[in-house]
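Below are the chains, spelled out letter by letter.
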Amino acid sequence: ARARRRTLYPTLTIICSLFFLPVIEVFERAGWNLELLNAPIFYGVFYGPFSTVYVLTKRALRNLQHSLPELDAPEHRRRVDAFLDYRRNMADAAERRRRGVG
């Protein structure tokens, strides 16, 4: 997954650059000042791909943190039963301590 995101940056840079080519063409044909495009091109091409990779990576990590591991049904049942036995044993021990027995 990390390797895919690493190769995503150059691809996104090329896509951002290609997006601005028709925009520049429109500005040239209309006779508008091309200096108006300096900031959008600079920030779009240099920071846009970094931001995209960052957001995609952060989203993937967030989804990993909130997902539960996949367990097959018997394994899940075994773990639930073990947890319930533990809780039952702890409750029994607390009851014995409260009564002063053992």
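Everything numeric in this text was worked out from a predicted model, so none of it was measured. (Residues numbered from 1 in each chain as written. Predicted model: local features only at pLDDT ≥ 70, side-chain atom pairs only at ≥ 80, totals over all residues. Heavy atoms only, no water.)

In this section: the pattern of salt bridges. In the structure shown here, the tally under the stated rule is five salt bridges. In this structure, R98 and E95 form a salt bridge, with 2.5 Å as the shortest nitrogen-oxygen distance. Of this pair, R98 and E95 both sit in helix α3 (residues 73-99), three residues apart, which is roughly one turn of the helix. A salt bridge links R99 to E95, with the shortest nitrogen-to-oxygen separation between them at 3.1 Å. Of this pair, R99 and E95 both sit in helix α3, four residues apart, which is roughly one turn of the helix. The network of salt bridges with shared partners includes E95, R98 and R99. (Salt bridge = Lys/Arg side-chain N within 4 Å of Asp/Glu carboxyl O. Helix = DSSP H or I, 4+ residues; strand = E, 2+ residues; numbered from the N terminus.)

On inspection of all chains with the given rule, the structure shows six aromatic pairs. Centroid distance F27 to W32: 5.1 Å. Interplanar angle 85°. Geometry classified as edge-to-face. Owing to a relative accessible area of 48%, W32 belongs among the partly exposed residues under this scheme. Both rings, one in F42 and one in Y47, keep their centres 6.0 Å apart while their planes meet at 85°; by these two values the pair is edge-to-face. On the accessibility criterion, F42 (38% relative accessible area) is partly exposed. A relative accessible area of 43% means that Y47 is categorised as partly exposed. What links up through ring pairs into an aromatic cluster is the set F42, Y43, F46 and Y47. (Phe/Tyr/Trp six-rings, centres within 6.5 Å; stacked < 30°, edge-to-face > 60°. Buried < 20%, exposed > 50% of the residue type's maximum accessible area, 1.4 Å probe, protein only.)

Taken together, F42, Y43, F46, Y47 and F50 make up a surface patch of nonpolar side chains, about 560 Å² in accessible area. As for its position among the elements, F42 is in helix α2 (residues 38-65). (Patch = residues over 30% accessible without salt bridge, like charges linked within 9 Å, V, L, I, M, F, W, Y side chains within 5 Å. Areas by Shrake-Rupley, 256 points an atom, 1.4 Å probe, with all protein chains shown as cover.)

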